[in-house]
Amino acid sequence: MDECLSFTDHTQNLTSKLMGSLCQISRVQHLFDKKTLISIINSLVFSKLYYCSTVWAGTFKENIRKLQLVQNFAARIISGKRNLTIFHPQLKTLDGYQSRTC
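Quick caveat: nothing in here was measured; it's all calculated off a predicted structure.

K.L.:
Just to check I follow, could you spell out the packing of helix H1 (residues 8-28) against helix H3 (residues 61-79) for this structure?
P.N.:
Pairs of packed helices are described in terms of their axes, by the angle between the two and the distance that separates them. For the pair H1 and H3, the least separation of the axes is 9 Å and the interaxial angle reads 10°. Taken together, H1 and H3 sit at an angle that is classed as roughly parallel. Across the interface between the two elements, Thr8, Thr11, Gln12, Leu14, Thr15, Leu18, Met19, Leu22, Cys23, Ile25 and Ser26 from H1 touch Asn63, Lys66, Leu67, Val70, Phe73, Ala74 and Ile77 from H3. Taken together, the residues that form the contact of H1 with H3 break down as 11 nonpolar, 6 polar and 1 charged.

This is the structure we're talking about:
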């Protein structure tokens, strides 16, 4: 947390770590079925993404955008889509996935 209570440093560190985890998961995603892939992403990524996420409500839009990019990348891995379409409708339909907006 920085002196302005904007969570910019925290958001930057968190998104960097989570994107690294998602990149590693995407390299081996073909080894898992969809249910296992969802469990892996929920436990390694979303648990950290959503921990105390309510306190980020007052942060800058740029920080929210970074967190949303992490969520979209995870949805892209789970859905198997590679293009840059909007995933919000697909987030709601993924089995075992609790859609939350950051």
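Next comes the rest of the write-up.
K.L.:
I tried to follow the packing of H1 against helix H2 (residues 34-50) on my own but got confused; where do I start?
P.N.:
With their axes 10 Å apart at the nearest point, H1 and H2 run at an angle of 170° to one another. What the angle tells us is that H1 and H2 run roughly antiparallel. Mapping the contact onto sequence places Leu14, Leu18, Ser21, Leu22 and Ile25 in H1 and Leu37, Ile40, Ile41, Leu44, Val45, Lys48 and Leu49 in H2. Counted by class, the contact of H1 with H2 contains 10 nonpolar, 1 polar and 1 charged residues.

K.L.:
Sorry, what's going on with the nonpolar core here?
P.N.:
Core analysis: the biggest nonpolar cluster contains 19 residues, and Leu22, Ile41, Val45 and Ile77 have the highest contact counts within it. At the level of elements, H1, H2 and H3 are the ones that each hand at least two residues to this core. Once residues within four sequence positions are removed from consideration, Val45 is found in contact with Leu18, Ser21, Leu22, Ile25, Ile40 and Val70.

K.L.:
Hey, could you run me through the pattern of salt bridges in this one?
P.N.:
Any two side chains of opposite charge can pair, on the condition that their charged atoms come close. Scanning the entire structure with this criterion turns up 1 salt bridge. Its salt-bridge partner being Arg65, residue Glu62 comes within 2.7 Å of it at the nearest N-O pair. Here Arg65 and Glu62 lie together in helix H3, a separation of 3 residues that amounts to about one turn. Accessibility expressed as a relative area gives 39% for Glu62, which makes it partly exposed. Owing to a relative accessible area of 41%, Arg65 belongs among the partly exposed residues under this scheme.

Rules and cut-offs
- Here, residues in each chain are numbered from 1, in the same order as that chain's written sequence.
- In keeping with the model being predicted, local features are shown solely for residues with a pLDDT of at least 70 and side-chain atom pairs are shown and tallied solely at 80 or more, while totals for entire chains, interfaces and linings include all residues.
- Working from all heavy atoms in the structure, the side-chain values ignore hydrogens and water.
- Throughout, an axis means a line fitted to C-alpha atoms (over the contacting stretch in the case of helices), and angles, computed between N-to-C directions, take values from 0 to 180 degrees.
- Note on conventions: DSSP H or I runs of at least 4 residues are helices, E runs of at least 2 residues are strands, and numbering of each starts at the N terminus.
- Small angles under 35 degrees read as roughly parallel and large ones over 145 as roughly antiparallel, with 65 to 115 read as roughly perpendicular and the rest as oblique.
- Note on contacts: a residue pair is in contact if any heavy atoms of the two residues lie within 4.5 Å.
- Any residue outside Ala, Val, Leu, Ile, Met, Phe, Trp, Tyr, Cys, Pro, Asp, Glu, Lys and Arg is labelled polar, Gly included; the first ten of those are nonpolar and the last four are charged.
- Each nonpolar core is a collection of buried residues, namely Ala, Val, Leu, Ile, Met, Phe, Trp, Tyr and Cys, held together in the definition by side-chain atoms within 4.5 Å.
- Whether a residue is buried, partly exposed or exposed follows from its accessible area with a 1.4 Å probe, protein chains only, as a fraction of its type maximum: under 20%, in between, or over 50%, in that order.
- The term salt bridge refers to a pairing of a side-chain nitrogen on Lys or Arg with a carboxyl oxygen on Asp or Glu at a separation within 4 Å.

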